[in-house]
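Given next are the chains, with one letter for each unit.
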Amino acid sequence: MTIQLSGQATDFPRTSGQTCWQSPANIALVKYWGKYPVQIPMNPSLSFVLKGSVVKICMDYSIDPDSPFELVSFSLNGQVNDIFKSRIDNYLEGLVPFFPFLKHAQIHIDSESSFPHSAGIASSAAAFSALALCVCSIEAEISGKAPGTEAFLRRASFMARLGSGSACRSIYDGMVLWGKTEQLPGSSDEYAVKLESRHVHRRFMKMKDAVLIVDSGTKKVSSSAGHALMHHHPYREQRKEQASANLGRLLNALQRGEMPLFGEIIENEALSLHSLMMSSSPGYILMHPNTIRLLEKIREFRRETRAHAYFTLDAGPNIHLIYPESDAAQVIPFIRDELTSLCRDGRWIDDGMGTGPERIAHGSK
Ligand code: DP6
């Protein structure tokens, strides 16, 4: 795809408006781990978006050809937040070569996060995908193009990637793949693509994600630092091969409706991700003793009941228990009776597959 780069800011009239988007977090089943500049993944990854874990962004903009770009204000849940403001400021400045109007834009952002307070779930994919959608919408408004077309979403996915790699997968609902692979024609390192419904068996259409909170604190090692350690990792090449092989197997499992194979692959991916962290230089451990206890409980439950409940982990100690909605009657009591005692303050979040980002009407912040 050619992403349009150039144009004159003065092509745009003096104008102002507001655009609002709500966008979700996503949970990776095959993990993105390691990247090249600029946010090009070392391996392809696959995820689905969540329903309840969303960020809403409302962007008020005025374009004045006589003024330079400025992110005038940024608030999160009604509070001024200077740490996020400076990251978003850098991000928007970095988008100027793609969106010439930004060079003369004054922007106010109000954001709201539905992420339960200190749940230890990363909100950056939700936030950057919502930001990218807002900027692409402003561009569409200024140029009179319709938002929501395939080209619009692809451009938003490309732009979201520049903020946070995994954010490019939050643009679409269903199963979403990011990273060039021969296993999916049309896939790209620069943006994500949605798997067509004929490639996903109906058994995988309604997946649930119970997020078991083991620790809600800030991580000792950020994902960015973890990605960087992959450059000199002794297993880097093997990891690339493993991720490709796991992706191929997962695509087959999704198409054929093979739930146990799906589970085997996602658990292998989660444990491999954490093994890569442990075998980095320096090595580090993000799992906690209760993470391991929970993993064992989940495997034991499966052995005893044959329910389809499988774990995955992101770069943190919390567990995502993935299961089809049809098994909820068996899985929910198991979570309540056996898992919550191992969660921090008994906390878990009942989430599941969502329908993707939504444009919110003006003024409905
Ligand atoms: C373990 O997308 O947060 O969640 O590109 O540096 O922003 P940056 O990293 P990020 O990494 C996510 C890593 C992961 C796996 C995944 O989501 O695929």
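Look up: the structure comes first, before these words.
These lines cover the structure that appears in this document, whether it is placed above or below. What you see is a predicted model; the values in this text were computed from it and never measured.

### Overview of the side chain of Arg-302
Turning to its location among the elements, Arg-302 is positioned in helix 7 (residues 289-305). Only 2.9 Å separates the side chain of Arg-302 from the backbone oxygen of Ala-309, close enough to count as a polar contact. The residues contacting Arg-302, other than those within four sequence positions of it, are Glu-267, Ala-307, Ala-309 and Tyr-310.

### Examining the state of the cysteines
Counted according to the given criterion, the structure contains one disulfide. Disulfide pairing places Cys-20 opposite Cys-58 at an S-S distance of 2.1 Å. As the torsion about the S-S bond is roughly 110 degrees, the Cys-20-Cys-58 disulfide counts as right-handed. In this pair, Cys-20 is assigned in strand 1 (residues 15-30) and Cys-58 in strand 4 (residues 45-63), connecting sequence segments 38 residues apart. Looking at Cys-20, the relative accessible area reads 0%, which means it is buried. Between Cys-136, a free cysteine, and Cys-134, which holds the nearest cysteine sulfur, the sulfur-to-sulfur gap is 9.5 Å. Residue classification places Cys-136 among the buried positions, given a relative accessible area of 2%. Free cysteine Cys-168: the closest other cysteine sulfur is in Cys-136, separated by 13 Å.

Parameters and conventions
Each chain has its residues counted from 1, following the order in which its sequence is written. Whole-chain, interface and lining totals are the exception, using all residues; otherwise, since this is a predicted model, local features are given only for residues with pLDDT of at least 70 and side-chain atom pairs are given and counted only at 80 or more. The side-chain numbers reported here are obtained from all heavy atoms of the structure, hydrogens and water having been left aside. We count a stretch as a helix when DSSP gives it H or I for four or more residues in a row; a strand needs E for two or more, and each element gets its number in order from the N terminus. Residues adjacent in sequence count toward polar contacts only when both atoms are side-chain atoms; beyond that, a polar contact is any pair of N or O atoms within 3.5 Å, and within protein one must be able to donate a hydrogen and the other to accept it. Only heavy atoms enter the contact rule, under which two residues are in contact if any of them lie within 4.5 Å. Note on terminology: pairs of cysteine sulfur atoms within 2.5 Å are recorded as disulfides. Accessible area is worked out with a 1.4 Å probe on protein chains only. A residue is then buried under 20% of its type maximum, exposed over 50%, and partly exposed in between.

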